[in-house]
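Listed below are the residues making up each chain.
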Amino acid sequence: MIKKKLNLFLLVTLLLTLYNCTIPTDFYIQNSTKTTQKIEITHSLKPSSKLKNAVLKSFSLNTISGIHNPRNFKQKKAVVKLLFTETSDSTLVFYAKPNTTIQIAKSSNYRWTNYLIKRITINSESLSISQLKSKSKRIKHDYIYKID
């Protein structure tokens with residue numbers, strides 16, 4: 001009887017642990033060119049009067065000089081928040097300086113691919129999420145799209 005209760009307790013504990021498990025999954029763009037690149041993100045957030053606050057919470061838009069992998073990016077202290085403009089209710093535009101790494105989305109469980117980003121346009125080349133993922137390099141759970 002005690003063994004059954006212990007097994008049940010362990011099973012419930014294991015299920016709750018797995019249910020609450022989240023994996024950090026960030027998305028980065030690296031501009032390794034010598035020119036500034038115009039980047040447009042079309043997102044799927046619902047338009048509202050508080051859109052700017054929602055965008056600021058959903059997209060990190062942090063940048064750092066140099067080409068860095070996600071692990072190094074997270075350890076750097078000189079990270080700067082990018083300025084962006086909203087061209088419509090669902091599109092924001094910013095510019096990637098030469099030789100920089102930009103953290104576009106800081107999410108968990110690949111939320112940026114499931115509902116946050118619809119498409120990204122880089123200097124008139126429009127990429128859907130599936131194209132973006134296939135052209136990006138995956139490092140552990142993070143994705144890096146390289147502009148060469």
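Predicted model, so just to flag it, every value in this text is computed and none were measured.

Parameters and conventions
- Residues numbered from 1 in each chain as written.
- Predicted model: local features only at pLDDT ≥ 70, side-chain atom pairs only at ≥ 80, totals over all residues.
- Heavy atoms only, no water.
- Helix = DSSP H or I, 4+ residues; strand = E, 2+ residues; numbered from the N terminus.
- Buried < 20%, exposed > 50% of the residue type's maximum accessible area, 1.4 Å probe, protein only.
- Contact = heavy atoms within 4.5 Å.
- Pairing = 2+ DSSP bridges.
- 1 Å grid on protein atoms, 1.4 Å probe; cavity = no way out; pocket = protein on both sides within 12 Å on 5 of 7 lines; lining within 4 Å.
- Points joined across faces, edges and corners; volume = space filled by probe spheres on them.
- Nonpolar A, V, L, I, M, F, W, Y, C, P; charged D, E, K, R; others polar.
- pLDDT = per-residue confidence, 0-100.
- Phe/Tyr/Trp six-rings, centres within 6.5 Å; stacked < 30°, edge-to-face > 60°.

## Description of the overall build of the protein chain
Okay, step 1: From N to C terminus, the protein chain includes five helices and eleven strands.
Okay, step 2: Across the 148 residues in the protein chain, those meeting the buried criterion constitute 41%.
Okay, step 3: Contacts in the protein chain between residues far apart in sequence, at least 24 positions, make up 71% of those at least 6 positions apart.

## Some details on the sheet that holds strand E11 (residues 142-147)
Okay, step 1: Strand order in this open sheet of six strands is E4-E3-E7-E1-E11-E10, and the pairing throughout is mixed. Here the strands that pair on one side only, and so sit at the sheet edges, are strand E4 (80-81) and strand E10 (137-139).
Okay, step 2: Pairing geometry for strand E3 (residues 59-65) and E4, over two bridges, is antiparallel. The partner of Asn62 across the bridge, within E4, is Lys81.

## What about unusual backbone geometry?
Among all residues save glycine, negative phi is the norm, and among peptide bonds the norm is trans.
Okay, step 1: Even without being a glycine, Asn99 presents a positive backbone phi close to 55°.
Okay, step 2: Note that Asn99 resides in the loop between strand E6 (91-96) and strand E7 (100-108).
Okay, step 3: In this structure, Ser124 is a non-glycine residue whose phi angle is positive, near 75°.
Okay, step 4: With respect to the element layout, Ser124 can be found in the loop between strand E8 (117-122) and strand E9 (125-128).
Okay, step 5: Assessed through its relative accessible area of 74%, Ser124 is described here as exposed.

## Focus: the layout of surface pockets
It is the rolling of a water-molecule-sized probe over the atoms that shows where space remains empty.
Okay, step 1: There is about 190 Å³ of room inside the largest pocket.
Okay, step 2: Taken together, Ile23, Pro24, Asn69, Pro70, Arg71, Lys74, Ile139, Lys140, His141 and Asp142 form the lining of the largest pocket.
Okay, step 3: The biggest single contributor to the lining of the largest pocket is helix H3 (residues 70-75), with three residues.
Okay, step 4: Its residues assigned to classes, the lining of the largest pocket comprises four nonpolar, two polar and four charged.

## Focus on the confidence of the model for the protein chain
Low-pLDDT portions of the prediction should not be read for the details of their coordinates.
Okay, step 1: Of the residues in the protein chain, 86% reach a pLDDT of 70 or more, and the chain-wide mean stands at 85.
Okay, step 2: The secondary-structure element of the protein chain with the lowest mean pLDDT is helix H2 (residues 51-58), recorded at 58, while E11 shows the highest, at 95.

## Describing the pairing of strand E5 (residues 85-88)
Okay, step 1: Bridge analysis of E5 against E6 gives three bridges, and the strand direction is antiparallel. Bridging across to E6, Ser88 finds its partner in Thr91.
Okay, step 2: Between the end of E5 and the start of E6, which pair antiparallel, lie two residues.

## Concerning the packing of aromatic side chains
Okay, step 1: In the structure shown here, the tally under the stated rule is four aromatic pairs.
Okay, step 2: Arranged with centres 5.2 Å apart and planes meeting at 70°, the rings of Tyr28 and Phe73 form a pair that is edge-to-face. Of this pair, Tyr28 sits in strand E1 (residues 24-31) while Phe73 sits in helix H3, and the two are 45 residues apart along the sequence.
Okay, step 3: Given the relative accessible area of 1%, Tyr28 is considered buried.
Okay, step 4: Residue Phe73 is classed as buried on the basis of its relative accessible area, which comes to 3%.
Okay, step 5: Seen in terms of ring centroids, Trp112 and Tyr143 are 5.6 Å apart; in terms of plane orientation they differ by 70°. Their pairing is edge-to-face. Highlighted residues: Trp112 in helix H4 (residues 111-116) and Tyr143 in strand E11, separated in sequence by 31 residues.

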